[in-house]
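One-letter residues, chain by chain:
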Amino acid sequence: MKNKINLLLFVAALAFAFSSCNDEDPADVVACFTFSPEENIQVGDTVFFSNCSQEAQETVWTFGDDESSMETNPSHAYTAPGIYDVTLTAINGGVIVTATQSVNVAADLSYIINYGSYSGDKTTISTFNKYVDEDQVSNGYYAEVNGVAKTSNTQYAYNYNGNIYFMDNNVDGISWVNNKTFLQTKNAITTDIVKPRYCVGNGDYLYVSCWGGDIWLDETLSYIAKVNLTTNAVEEKIALPGGPEGLSIANDKLYAALNYKDSVAVIDLATENISYIEMPALTSYFVKDNDDNLYVSLIRAWDDYVTQTGIGFINTATDVLDTTYALDGVSSSYVNILEPNDDFSKLYVMTSGYDANWNVSGAIASFDVASESFDDTNFVENISGLNGVGFYDDMVFTFIAPAVTGNGEVVTYTEDGNQVSEYETGIAPFMLLKVE
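Computed from a prediction, not measured in an experiment: that's the story for all the values here.

Q: Give me the environment of V320: which residues, what numbers.
A: Summarising the element assignment, V320 is placed in strand 26 (residues 320-326). Considered as a pair, V320 and L221 are 99 residues apart in the sequence and their alpha carbons are 27 Å apart.

In structure tokens:
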């Protein structure tokens, strides 16, 4: 508010100074402006203001949020949702004329992806609104916006270049919506996409890990689909046996965690030559740190038993597995099982295990990046139906699917392990897609 008051005092003083030396006709001074975009403005978006005033020697802008500017054509980003009255003051001598328009800024929603069930129910989308104190989660958002329900089960969702891409593995395809309006306006890509698992973007391309069919019978079926986002078509299929799951790009190389082979594949994006980093276990997901190095989950499968699970650290400059960190029971679930906090001081890892009565329960372990060690006690534990972990708005999100036919829930925690809130979602929630 102080800046605004000072600016208005300056405007008044400026008008007084000019009033004694300028007899400008008030009718000649016009305050006028336009702004872009006019719709679908989200928190953090930049709004560009264009000054169309006439006969103005000075212009002053107030943006309705205690911020102001004296630039001719300023830009401004709002940090909270609301309807803001933007005023342009045009000054010529003692003549002051104003124009005011309202700018509607919506909350920048994040999305909870609910897989649905294997037998019939398809994916639904829940929203999470961090700007409200109550009713932060709202269900059925895709159907609400598009007028129809999704027709497939989504394995993974990815925000890239203005769109949210869904890896739909039942029915097979890649569908997408605009990340602001959430409208789907084009048909899904279905040609050369069989059992898509994960994706990562690079320039005009989307690289998609595809299992290609019944990989548990023939691991040579799998491949990476190189999708041209200009033509919305698969431009190339890069054969990659071993069941690629999670993907990451670093140093112009594509890394693929292999779910049916004890190694990580490394594809040079310039030559498409493939090399391998030998691993002590199967792998499924990556997390990239601030130096473009990779943490990877080390898991076991029923037909590929290993003595120790945990996470590994890959140096992407040398493509060497530098070290491993042991952790019992790292989840082999096909969901988000690794998640860092915002400053990458902690890495949250989803685990599961059996109690004395052979009941499965889940837990979240916390890995301290600085000390390179897991905390002595789990972050949270004894969670029945744990189905994924996330981090957003300074909170740890746990996604819980207690049954395959009923709604799930999201439970949030502070970083010191205190429960914050609990929300009902659609069937089998497994990840939070942040759109910021």
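Q: Run through the state of the cysteines, naming residues and quoting values.
A: Following the criterion strictly, the structure yields one disulfide and no others. A sulfur-sulfur separation of 1.9 Å characterises the disulfide bridge that pairs C32 with C52. With the S-S bond torsion at -75 degrees, the cross-link from C32 to C52 turns out left-handed. With C32 in the loop between helix 1 (2-19) and strand 1 (33-36) and C52 in the loop between strand 3 (46-51) and strand 4 (58-62), the pair connects residues that are 20 residues apart, well separated along the chain. Overall, C32 belongs to the partly exposed group, its relative accessible area being 26%. For C52, a relative accessible area of 31% gives the class partly exposed. C199 forms no disulfide, and the closest cysteine sulfur to it belongs to C210, at a distance of 10.0 Å. Look at C199 and you get buried, because its relative accessible area is 1%.

Q: Now, about unusual backbone geometry: what can you tell me, with residues and values included?
A: In most cases, non-glycine residues show a negative phi, while peptide bonds are predominantly trans. Here S36 and P37 are connected by a cis peptide whose omega angle stands at 0 degrees. Note on placement: P37 falls in the loop between strand 1 and strand 2 (41-42). Of note, the amide linkage connecting N170 to V171 takes the cis form, showing an omega dihedral of 10 degrees. Of note in the backbone geometry, D252 takes a positive phi value of approximately 60 degrees without being a glycine. Mapped onto the fold, D252 is located in the loop between strand 19 (244-250) and strand 20 (253-258). The phi dihedral of D394 is positive, around 65 degrees, even though this residue is not glycine.

Q: How would you sum up the pairing of strand 25 (residues 310-315)? Please name residues and give values.
A: The buried fraction of strand 25 amounts to six of the six residues, a majority that puts the element mostly inside the structure. By the bridge criterion, five bridges tie strand 24 (residues 294-299) to strand 25 in an arrangement that is antiparallel. For S297, the partnering residue across the bridge sits in strand 25 and is I311. Here strand 25 runs beside strand 26; their pairing, made up of six bridges, is antiparallel. When the sheet's bridge partners are listed, N315 is paired in strand 26 with V320. The loop that links strand 25 with its antiparallel partner strand 26 comprises four residues; one of these, D319, has a positive phi angle of about 55 degrees.

About the criteria used
- Residues numbered from 1 in each chain as written.
- Predicted model: local features only at pLDDT ≥ 70, side-chain atom pairs only at ≥ 80, totals over all residues.
- Heavy atoms only, no water.
- Helix = DSSP H or I, 4+ residues; strand = E, 2+ residues; numbered from the N terminus.
- Disulfide = S-S within 2.5 Å.
- Buried < 20%, exposed > 50% of the residue type's maximum accessible area, 1.4 Å probe, protein only.
- Pairing = 2+ DSSP bridges.

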